[in-house]
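# Secondary and tertiary structure notes
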Amino acid sequence: MGNSSSMLTQYDIEEVQEHCSNTFSQQEIVSLYQRFCQLDRNGCGFISAEEFMTVPEFAVNPLSQRLFRMVDGLNFKEFVLFLSAFSSRASLQQKVEFIFKVYDSDGNGKVTFNEMLDILRDLTGQFISEQQREKVLTQVLEEAGYTKDSLLVQADFMKLLSYSSETILDVVNTVPVLDILILGNSVLKMEVEVPVD
């Protein structure tokens, strides 16, 4: 599975479908496999970050470097699992787990103030100042019962995501991409469309 010269068997499709918690139909998995084979230019069965960079939607994403760290060296099964977090059929838990991994840049299972600040910086660029970012993040943490020194595990992170902060909404209303990955919006809007032939 993953080599462009191979074909998916029914067993492979069902195995991948189970691995990604049925977030994609069998037909969508076949379409994703075709796309995977196109991206896997050297036919080795794995996608490198460079190969993934050819997907325009990811290349222009302000979090692309963090996403590429997560996709470098994925086989087909892992590729589908990665994309499953973007499916409209993914559970809230799947989306939170994915977002947590994006924030947890060192992979230690904890998210720090600085990691959250780095994400805000990546997403907002020059739209808001460093002082505004720190103020917003500090206020959201405090509203949720945390401090700048808190190390958030996934359950804490979920609690933080569920808090809605007027301060965040006031500051970031001009940056709609923040609704996807940033605090203060309990509705996680992460979706990807899979073209089905």
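The structure reproduced in this document is the subject of the present report. Not measured: the values here are computed from a predicted model. (Residues numbered from 1 in each chain as written. Predicted model: local features only at pLDDT ≥ 70, side-chain atom pairs only at ≥ 80, totals over all residues. Heavy atoms only, no water.)

The residue serine 150 is located in the loop between helix 9 (130-143) and helix 10 (154-162) in this model. Given the relative accessible area of 18%, serine 150 is considered buried. Taking the C-alpha atoms as reference, serine 150 lies 8.4 Å from valine 111; in sequence the two are 39 residues apart. Setting aside its immediate chain neighbours within four residues, serine 150 contacts Val111, Thr112 and Phe113. Among the polar contacts made by the side chain of serine 150, one reaches the main-chain amide nitrogen of threonine 147 at a distance of 2.9 Å. (Helix = DSSP H or I, 4+ residues; strand = E, 2+ residues; numbered from the N terminus. Buried < 20%, exposed > 50% of the residue type's maximum accessible area, 1.4 Å probe, protein only. Contact = heavy atoms within 4.5 Å. Polar contact = N/O pair within 3.5 Å; in protein donor to acceptor, adjacent residues only side chain to side chain.)

Counting 51 residues, the largest nonpolar core has Phe52, Phe58, Phe76, Phe79 and Phe82 as its most contacted members. If we skip the residues at most four places from it in the chain, phenylalanine 82 touches Phe52, Phe58, Leu67, Met70, Val71, Leu74 and Phe98. (Core = buried A, V, L, I, M, F, W, Y, C linked by side-chain atoms within 4.5 Å.)

Helical geometry note: an α-helix holds 3.6 residues per turn, so side chains three or four residues apart project in the same direction. Buried within helix 10 we find Phe157, Leu160 and Leu161. The buried residues of helix 10 all sit within an arc of 100° when viewed along its axis, so they share a single face. (Arc of directions from axis to C-beta.)

You can see methionine 158 is positioned in helix 10. With a relative accessible area of 29%, methionine 158 lands in the partly exposed category. Between the C-alpha atoms of methionine 158 and phenylalanine 100, which are 58 residues apart in sequence, the distance is 8.6 Å. Apart from residues lying up to four places away in sequence, methionine 158 is in contact with Leu92 and Val96.

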